[in-house]
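Spelled out from the first residue to the last, the chains are:
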Amino acid sequence: MGAHAGHGQHRHAPPTADRRPLALALALILVFMTGEVVAGILASSLALLSDAAHMLTDAAALGLALVAAGVARRPAHGAMTFGMGRVEVLSAQANGIALLVLAVLIAIESVRRLSEPTHVAATAVLVVALVGVAVNALAARLLGGGESRSLNVEGAFRHVLTDLYAFLATGAAAVVILATGFQRADPIASLVVAALMLRSAYVLLRASGRVFMEAAPAGLDPQRIGSELAHAANVVEVHDLHVWEVTSGFTALSAHIVVPAGSDCHLARVELERMLDERFGIEHTTLQVDHVPPRELLEIDSSPGGGSQPSEPPRSKRQPEK
């Protein structure tokens, strides 16, 4: 019996966003946020001030994304055998927590203003909201380019996208106040903003939590992967199958494969690695390929006083174990 451990080609580098779009989006947010704080104070608009507070978290998210993207590029070294890719996931989780806390604070203040409404300078609010829609639409376009984004950039993108929707709600509130004089439209718009922030926080925390819990990436079914491996040519058994996400876009797989006695372990490993790459896009694989133990060895191991603990005979069914 021969044991052969194979490692797939480690061609993957943790995905990092283009730093130029991140920097441009950050500059846009900072400039507009400063003007919005001034306008919110002068107009006595909680909706504008809550949007400005959210934009502050946008700026922090973008700044954190820039730092995380740079750190994630560092090559693996020392104890960090997978590199620093999970810094991006930490960044996304921090953004999710910030959104959650800020949403709660805005909701509390909105409820207070609903019971004690204040006068809002609706014209100023409408002008600022329209400019905010344009700024955030541009920032979202900068960050949303490409078919895939790292979880890090996804966190910053969700901050900006939530602000875009928030400005639309703020503008609608200003129109209602101008048309009807209903001042409570402003804190109602703030509650809409808080609800959007809570949703984005949930999405980010769930996605980053899955990575830290080493769950299989969304869209990859370990049961199906195990079945494909078990039904490949010359495979007798598959067990100890694990599929997890090291960081955004970096999927890893390990498994123990049993092949018939006398077959080529190395060729089996290469063919299985190729199949995993082509069908599932998994490039980082660690496959241990063993031969079926000879019948004589099984009889010795299973006999009374055989020395070591009896070995479980390999299953003839091609059923993977999770």
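See the structure shown above.
Remember, it's a predicted structure, so these values are computed and weren't measured experimentally.

A. How the structure looks around the overall build of the protein chain. A count of helices and strands for the protein chain gives nine helices and four strands. Ordered by position in the sequence, the α and β elements of the protein chain form the string β-α-α-α-α-α-α-α-β-β-α-β-α. Every one of the 322 residues in the protein chain was classed for burial, and the buried ones make up 46%. Contacts in the protein chain between residues at least 24 apart in sequence constitute 76% of all its contacts with a sequence separation of at least 6.

B. Quick peek at the pairing of strand S4 (residues 284-291). Among the eight residues that make up S4, six are buried, leaving the element largely enclosed by the rest of the structure. The sheet contact formed by strand S3 (residues 250-259) and S4 spans eight bridges and is parallel. Note that in S4 the partner of Ala255 across the bridge is Leu287. One crossover worth recording links S3 to the parallel S4 by way of helix H8 (residues 265-280), and it is right-handed.

C. How the structure looks around the pattern of salt bridges. Applying the stated criterion to the full structure yields five salt bridges. Across the pair Glu116 and Arg112 runs a salt bridge whose closest N-O atoms are separated by 3.5 Å. On the basis of relative accessible area, Glu116 is assigned to the partly exposed category, the value being 49%. Residue Glu273 pairs with Arg269 through a salt bridge whose shortest N-O separation is 3.5 Å. Of this pair, Glu273 and Arg269 both sit in helix H8, four residues apart, which is roughly one turn of that helix. As far as burial versus exposure is concerned, Glu273 and Arg269 are alike and both buried. Residues joined in a network through salt bridges with shared partners are Glu109, Arg112, Arg113 and Glu116.

D. Representation of the packing of aromatic side chains in the model. Per the counting criterion, the structure on display carries one aromatic pair. Ring centres 5.4 Å apart and planes at 70° place the aromatic pair Phe32 and Phe167 in the edge-to-face group. Here Phe32 is found in helix H1 (residues 19-43), whereas its partner Phe167 is found in helix H5 (residues 151-180), with 135 residues between them in sequence. Each member of the pair Phe32 and Phe167 is classed as buried.

E. Main features of the packing of H5 against helix H6 (residues 185-212). Viewed as axis vectors pointing N to C, H5 and H6 meet at an angle of 165°, and their least axial separation amounts to 8 Å. In terms of orientation, H5 and H6 fall into the roughly antiparallel class. For the pair H5 and H6, the crossing hand works out as right-handed. Among the residues making up the contact of H5 with H6, the classes are represented as 17 nonpolar, five polar and four charged.

F. Representation of the nonpolar core. In this structure, Leu62 and Leu143 are the most contacted members of the largest nonpolar core, which totals 34 residues. Listing elements by their share of this core, those giving two or more residues are H1, helix H2 (46-72), helix H4 (122-143), H5 and H6. When near neighbours in sequence (up to four residues on either side) are disregarded, Leu62 contacts Leu22, Ala25, Leu26, Ile29, Leu143 and Ala156. Core analysis: the second largest hydrophobic core is formed by 23 residues, Ile257, Val259, Met275 and Leu287 among them.

G. Seen up close, a nonpolar patch on the surface. Together, Leu100, Val104, Ile108 and Leu198 make up a nonpolar patch on the protein surface, roughly 330 Å² of accessible area in all. For the nonpolar patch, the element with the most residues is helix H3 (residues 87-115), which contributes three residues. Mapped onto the elements of the fold, Ile108 is located in helix H3.

H. Expanded view of unusual backbone geometry. Unusually for a residue other than glycine, Glu214 sits at a positive phi of about 55°. Along the polypeptide, Glu214 turns up in the loop between H6 and helix H7 (222-230). The exposure class of Glu214 is partly exposed, given its relative accessible area of 47%. In this structure, Asp240 is a non-glycine residue whose phi angle is positive, near 50°. Note on placement: Asp240 falls in strand S2 (residues 237-247).

I. View of the environment of Val238. With respect to the helices and strands, Val238 occurs in strand S2. Taking the C-alpha atoms as reference points, Val238 and Val259, 21 residues apart in sequence, are found 9.2 Å from one another.

J. Broad picture of H3. Here H3 contains 29 residues, and its C-alpha end-to-end distance of 43 Å stays within 8% of the 42 Å for a straight helix at 1.5 Å per residue. Within H3, burial applies to Glu88, Val89, Ser91, Ala92, Asn95, Gly96, Leu99, Leu102, Ala103, Ile106, Ser110 and Arg113.

K. Just the packing of H4 against H5, in detail. Running from N to C, H4 and H5 cross one another at 155°; their axes reach a closest spacing of 8 Å. Taken together, the axis directions place H4 and H5 in an arrangement best described as roughly antiparallel. For the element pair H4 and H5, the recorded crossing hand is left-handed. Considering only residue class, the contact of H4 with H5 consists of 21 nonpolar, five polar and one charged.

Cut-offs used in this document
- Residues numbered from 1 in each chain as written.
- Predicted model: local features only at pLDDT ≥ 70, side-chain atom pairs only at ≥ 80, totals over all residues.
- Heavy atoms only, no water.
- Helix = DSSP H or I, 4+ residues; strand = E, 2+ residues; numbered from the N terminus.
- Buried < 20%, exposed > 50% of the residue type's maximum accessible area, 1.4 Å probe, protein only.
- Contact = heavy atoms within 4.5 Å.
- Pairing = 2+ DSSP bridges.
- Right-handed = clockwise from strand over helix to strand, strands pointing away.
- Salt bridge = Lys/Arg side-chain N within 4 Å of Asp/Glu carboxyl O.
- Phe/Tyr/Trp six-rings, centres within 6.5 Å; stacked < 30°, edge-to-face > 60°.
- Axes fitted to C-alpha atoms, helices over the stretch in contact; angles between N-to-C directions.
- Parallel < 35°, antiparallel > 145°, perpendicular 65-115°, else oblique.
- Left-handed = near helix turned anticlockwise from the far one by under 90°.
- Nonpolar A, V, L, I, M, F, W, Y, C, P; charged D, E, K, R; others polar.
- Core = buried A, V, L, I, M, F, W, Y, C linked by side-chain atoms within 4.5 Å.
- Patch = residues over 30% accessible without salt bridge, like charges linked within 9 Å, V, L, I, M, F, W, Y side chains within 5 Å.
- Areas by Shrake-Rupley, 256 points an atom, 1.4 Å probe, with all protein chains shown as cover.
- Expected span 1.5 Å × (residues − 1).

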